Amino acid sequence: MRDCIIVGGGPAGLTAGIYMARFLRDTVLFDAGRPRAHRIPRTRNLPGYPEGIEGPELLDNMRRQLAQYDIEIRRDHVTTATRIDGGFRVEAEGGAVEARNLILATGVTNRPPRISEALHDEGVARGLIRYCPICDAFEVRGQKVAILGSGPHAVAEGRFVRHYAKDVTVVRPEHAPLDDDGEKALSEAGLKILPSHRRDIRLDGDHIVVEMQDGQVARFDTLYVALGTDPHSDLACDLGATLTEAGCIPVDAQCETDIEGLFAIGDVVAGLDQIAYGMGHAAVATTAIHNRLLEG
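Everything in this summary refers to the structure shown in the same document. (Residues numbered from 1 in each chain as written. Predicted model: local features only at pLDDT ≥ 70, side-chain atom pairs only at ≥ 80, totals over all residues. Heavy atoms only, no water.)

What to know about the sheet that holds strand β8 (residues 129–130)
Now for step 1: Within the open sheet, the seven strands sit side by side as β8-β14-β9-β10-β11-β12-β13. Their pairing is mixed. Both edges of this open sheet fall to β8 and β13 (217–220), since each of them pairs with a single strand only.
Now for step 2: By the bridge criterion, two bridges tie β8 to strand β14 (residues 222–225) in an arrangement that is parallel. Bridging across to β14, I129 finds its partner in L223.
Now for step 3: With respect to the sheet, helix α3 (residues 117–125) is in contact with β8 and β11 (192–204), its orientation differing from that of β11 by roughly 95 degrees. (Pairing = 2+ DSSP bridges. Helix = DSSP H or I, 4+ residues; strand = E, 2+ residues; numbered from the N terminus. Contact = heavy atoms within 4.5 Å. Axes fitted to C-alpha atoms, helices over the stretch in contact; angles between N-to-C directions.)

The following block contains the structure:
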């Protein structure tokens with residue numbers, strides 16, 4: 001039985017791998033492919049990178065750092081996880097692995113707008129479509145900004161962005177309702193709202209254009225997508241761990257779930273979706289595991 005299994009190859013999972021390797025712990029890390037960080041055009045709020053760094057470059061740097069150590073990295077997709085006597089067993093395409101501890105760094109997926117993948121990816125790459133105002137609202141200060149979403153999430157995101165840009169408009173997605181309370185919340189937050197639902201989104205030069213079902217056309221410098229995320233918490237659910245109403249994994253101060261030996265780190269955890277925060281989770285969880293193994 002191994003000391004630890006890590007599922008996830010994003011910044012949190014790779015940080016956990018580096019720590020476990022340096023703790024001289026027998027660890028297997030499953031990196032199935034392209035984590036959400038791979039789609040980051042450039043992050044500028046991660047300490048140590050004064051000019052910012054692109055998501056793929058960050059991941060490549062971390063993988064090269066991890067490759068310097070004695071740790072097994074498998075490019076497999078983990079399909080199921082079960083509890084066994086003294087630990088956990090995960091089934092993957094390349095075979096099963098058993099370990100005393102299991103770290104889930106499985107992340108989340110952003111819900112994208114209903115546009116073509118090519119248009120979406122171009123918009124993200126050019127900073128016309130964004131997802132994380134905590135990460136990059138600094139870059140849109142003074143711009144004309146749209147928030148695509150409805151309900152409390154759109155209101156909260158609009159309030160946040162309005163600290164940086166005074167001209168913020170909420171755009172309702174297809175068929176999204178907005179009651180009187182929603183209208184009032186937007187008004188109280190100083191946010192505008194287009195009167196109907198969006199029909200089309202397209203790029204036009206350095207702007208993103210939103211066409212509404214009532215025929216109105218609006219041009220913005222940036223559009224933030226506030227449609228929510230889908231946590232990858234299936235493995236935690238399989239193991240019987242408690243999940244939040246949104247499907248995230250609650251953890252304690254050591255990033256352990258309510259199942260002994262099962263840890264969760266990064267964006268799949270209920271909390272702040274930030275690279276630095278996920279890296280901190282990894283340091284906390286792996287140190288807790290190492291110290292527990294020392295105690296025997």
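Side note on the nonpolar core
Now for step 1: Counting residues in each nonpolar core, the largest one holds 28 residues, and the members touching the most others are I6, I103, I265 and I289.
Now for step 2: At the level of elements, β1 (2–7), α1 (11–22), α2 (55–66) and α8 (275–295) are the ones that each hand at least two residues to this core.
Now for step 3: Setting aside chain neighbours within four positions, we find I6 in contact with G13, A16, G17, M20, T27, V28, L29, F30 and I103.
Now for step 4: Ranked by size, the runner-up nonpolar core spans 23 residues in total, among them V7, V97, L104 and A264. (Core = buried A, V, L, I, M, F, W, Y, C linked by side-chain atoms within 4.5 Å. Buried < 20%, exposed > 50% of the residue type's maximum accessible area, 1.4 Å probe, protein only.)

Some points on the packing of aromatic side chains
Now for step 1: Scanning the entire structure with this criterion turns up two aromatic pairs.
Now for step 2: An angle of 70 degrees between the planes, with centres 6.2 Å apart, marks the rings of Y19 and F23 as edge-to-face.
Now for step 3: What makes Y19 partly exposed here is its relative accessible area of 33%.
Now for step 4: The positively charged end of R141 is found above the aromatic ring belonging to F138, 3.9 Å away from the centroid.
Now for step 5: Its end group placed over the ring of F220, K144 keeps NZ or CZ at 5.5 Å from the ring centre. (Phe/Tyr/Trp six-rings, centres within 6.5 Å; stacked < 30°, edge-to-face > 60°. Lys NZ or Arg CZ within 6 Å of the ring centre and 35° of its normal.)

A word on the state of the cysteines
Now for step 1: Inspection of the entire model under this criterion finds one disulfide.
Now for step 2: In this structure C4 is a free cysteine whose sulfur lies 13 Å from that of C255, the closest cysteine sulfur available.
Now for step 3: The exposure class of C255 is buried, given its relative accessible area of 4%. (Disulfide = S-S within 2.5 Å.)

Considerations on the side chain of S196
Now for step 1: Tracing the chain through its elements places S196 in strand β11.
Now for step 2: We classify S196 as buried; its relative accessible area is 12%.
Now for step 3: Only 3.3 Å separates the side chain of S196 from the backbone nitrogen of D214, close enough to count as a polar contact.
Now for step 4: If near-sequence neighbours (up to four positions away) are discounted, S196 is found in contact with R172, M212, Q213 and D214. (Polar contact = N/O pair within 3.5 Å; in protein donor to acceptor, adjacent residues only side chain to side chain.)

Observations concerning the environment of A246
Now for step 1: Tracing the backbone through its elements, the reader meets A246 in the loop between α7 (234–238) and β16 (262–264).
Now for step 2: Taking C-alpha positions, A246 is 33 Å from D26, a pair spaced 220 residues apart along the chain.

Looking at α3
Now for step 1: Listed as buried for α3 are L119, H120, G123 and V124. Around the axis of α3, the buried residues are gathered within 130 degrees of arc, so they sit on the same side. Residues of α3 that are exposed and point more than 90 degrees away from the buried face comprise E117, A118 and A125.
Now for step 2: Against β8 and β11 lie the buried residues of α3. (Arc of directions from axis to C-beta.)

Focus on helix α5 (residues 151–162)
Now for step 1: Its twelve residues give α5 an end-to-end C-alpha distance of 17 Å, which sits within 8% of 16 Å, the value for a rise of 1.5 Å per residue.
Now for step 2: Among all positions in α5, only A154, V155, E157, G158 and V161 are buried. End-on view of α5: buried residues confined to an arc of 170 degrees, all on one side of the axis. (Expected span 1.5 Å × (residues − 1).)

Considerations on the environment of K166
Now for step 1: With respect to the helices, strands and loops of the structure, K166 is situated in the loop between α5 and β10 (167–172).
Now for step 2: According to the relative accessible area criterion, K166 is exposed, its value standing at 58%.
Now for step 3: Through-space distance from the C-alpha of K166 to that of V145 is 8.6 Å; in sequence the pair is 21 residues apart.

Concerning unusual backbone geometry
Now for step 1: Of note in the backbone geometry, L24 takes a positive phi value of approximately 60 degrees without being a glycine.
Now for step 2: Inspection of the secondary structure puts L24 in the loop between α1 and β2 (27–30).
Now for step 3: Residue classification places L24 among the exposed residues on the basis of a relative accessible area of 75%.
Now for step 4: Backbone geometry places C255, a non-glycine residue, at a positive phi of 65 degrees.
Now for step 5: As for its placement among the helices and strands, C255 is situated in the loop between α7 and β16.

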